[in-house]
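Observations on the model geometry
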Amino acid sequence: MDKDFSFVEGDDDDSGSEFSDAEDYADDDGQEEEEEEEGLENGGEEQQQNDDQKQLQNGKPNRLSKLQELNKSSKYKSSMHGADIRKLKNKEKKERRERAKELGLPKQTPRTIESTRLPNENIVEPGDEEVAVDESLDEMSAYFRKEVEPKVLITADDNPHTKTIRFCRELRNAIPNAEFRFRKRASIKKMVKAAAERGYTDILIVNEDWRKPNALLHIHLPDGPTAYYRLSSIRYVREIKRRAQFNNSRPEVIVNNMTTRLGHTVGRMLASLFHYEPQFKGRKVVTFHNQRDYIFFRHHLYEFKDDSKVAIRELGPRFTLKLRSLQRGTFDSKHGEYEWVLKRHEQAGGENRRRFFL
């Protein structure tokens, strides 16, 4: 029997048309895939920009940074040093700032303990009449009316160490109207009485522990108040690099960031140590800067480079004060009335770390 197998062999034209149709389908599929890829790329770029914007606004990365990727590899941990890690972190911070600038995002304020402090009812608003009246009647009012010139007595514990003596002498140089005297085993009450009779307006007593200065007692004469500070982070004049040449002129005084009623009292006490008429030709400035209830003392010499630029050089010494108590009247450890005392664990843990008193 003869059977027709023509359909197996096929016709050349038909076979060619079949393959050409397949190629056309393949070309169409390829074009669709290319269009899909282009769409995905464009959409991915837009999504990436949106992610970058959200990332910069929230301050939290949505994807792994280079540093996080490198931290996963054990080779990186063993080969990289601390300096290299810091450089990489700084580079990433710079890139984030540049991306934020390109996107036009507002500059973010850092979240710190100082910026998130708890509200204080005793904060003094500018132009408060009640506070102005109280300050016009307090113990330092005669100084601010320029009726009494300050005269400061500086002393220390019995048999002070050489470091304490050096600190007292450098403090005397920073306060031009001050004198340094050895205590000679006199009690504080006797010193207060004798100093008031000799016309002194303030007494500074430097306490020491383990042969180092660790506390400062400030008594304002003749009627108080008395402030007790913890003394730390002392840098003597010879330890300050590239320090300026010392001169004997009366400095300008800056008391900064003391906003509460207690802060105003402490700031007025510290300011009353220096003469109320500074000698501007000497170009010296003393700064008491409060930050988180730590009072930083700095002593600088400034110089005007031009109308907009000022250069400063430190004179020294440098130290930090932490108020522990404020007592009404002169020093009396038994029957004295304390206006404010820093209680133990007052600022330890939780919300108390964000509660400040100055």
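A brief look at the structure comes next. (Residues numbered from 1 in each chain as written. Predicted model: local features only at pLDDT ≥ 70, side-chain atom pairs only at ≥ 80, totals over all residues. Heavy atoms only, no water.)

Our focus in this paragraph is the nonpolar core. Looking at soluble globular proteins, one finds that nonpolar side chains tend to be buried together. Formed by 39 residues in total, the largest nonpolar core has its most connected members in Tyr229 and Ile295. At five residues, helix α8 (residues 162-174) tops the list of elements feeding residues into this core. (Core = buried A, V, L, I, M, F, W, Y, C linked by side-chain atoms within 4.5 Å. Buried < 20%, exposed > 50% of the residue type's maximum accessible area, 1.4 Å probe, protein only. Helix = DSSP H or I, 4+ residues; strand = E, 2+ residues; numbered from the N terminus.)

For the rest of this paragraph, the subject is the pairing of strand β3 (residues 202-209). In regular strands, side chains alternate between the two faces of the sheet. Most of β3 is tucked away, with six of its eight residues classed as buried. Where strand β1 (residues 152-156) lies against β3, five bridges are found, and the strand directions are parallel. Counted as the bridge partner of isoleucine 154 is leucine 204 from β3. Across eight bridges, β3 lies against strand β4 (residues 212-220) in antiparallel orientation. Each bridged residue has a counterpart across the sheet, and for glutamate 208 the counterpart in β4 is proline 213. (Pairing = 2+ DSSP bridges.)

On to the pattern of salt bridges, then. For the structure shown, the criterion picks out 10 salt bridges. Ionic pairing is found between aspartate 138 and arginine 268, a salt bridge with its closest N-O pair at 2.9 Å. You can see aspartate 138 sitting in the loop between α6 (129-136) and α7 (141-144) and its partner arginine 268 sitting in helix α10 (residues 261-271), a full 130 residues away along the chain. For aspartate 138, a relative accessible area of 18% corresponds to the buried category. Take arginine 268: its relative accessible area is 12%, and that puts it in the buried class. For glutamate 314, the salt bridge identified is with arginine 318, shortest N-O distance 2.6 Å. Residue class for glutamate 314 comes out buried when judged on its relative accessible area of 12%. What emerges from the salt-bridge pattern is a single network uniting Glu135, Asp138 and Arg268. (Salt bridge = Lys/Arg side-chain N within 4 Å of Asp/Glu carboxyl O.)

Among the surface-exposed residues, Glu125, Asp128, Glu129 and Glu130 lie close enough to one another that they form a single negatively charged patch. With respect to the helices and strands, glutamate 129 occurs in helix α6. (Patch = residues over 30% accessible without salt bridge, like charges linked within 9 Å, V, L, I, M, F, W, Y side chains within 5 Å. Areas by Shrake-Rupley, 256 points an atom, 1.4 Å probe, with all protein chains shown as cover. Lys, Arg positive; Asp, Glu negative; His and termini not counted. Charge placed at Lys NZ, Arg CZ, Asp CG, Glu CD.)

So, on to helix α5 (residues 82-103). Taking 1.5 Å per residue as the helical rise, α5 with its 22 residues ought to reach 32 Å, and the 32 Å between its terminal C-alpha atoms agrees with that figure. Glycine 104 sits one or two positions beyond α5 and adopts a positive phi of about 70°. (Expected span 1.5 Å × (residues − 1).)

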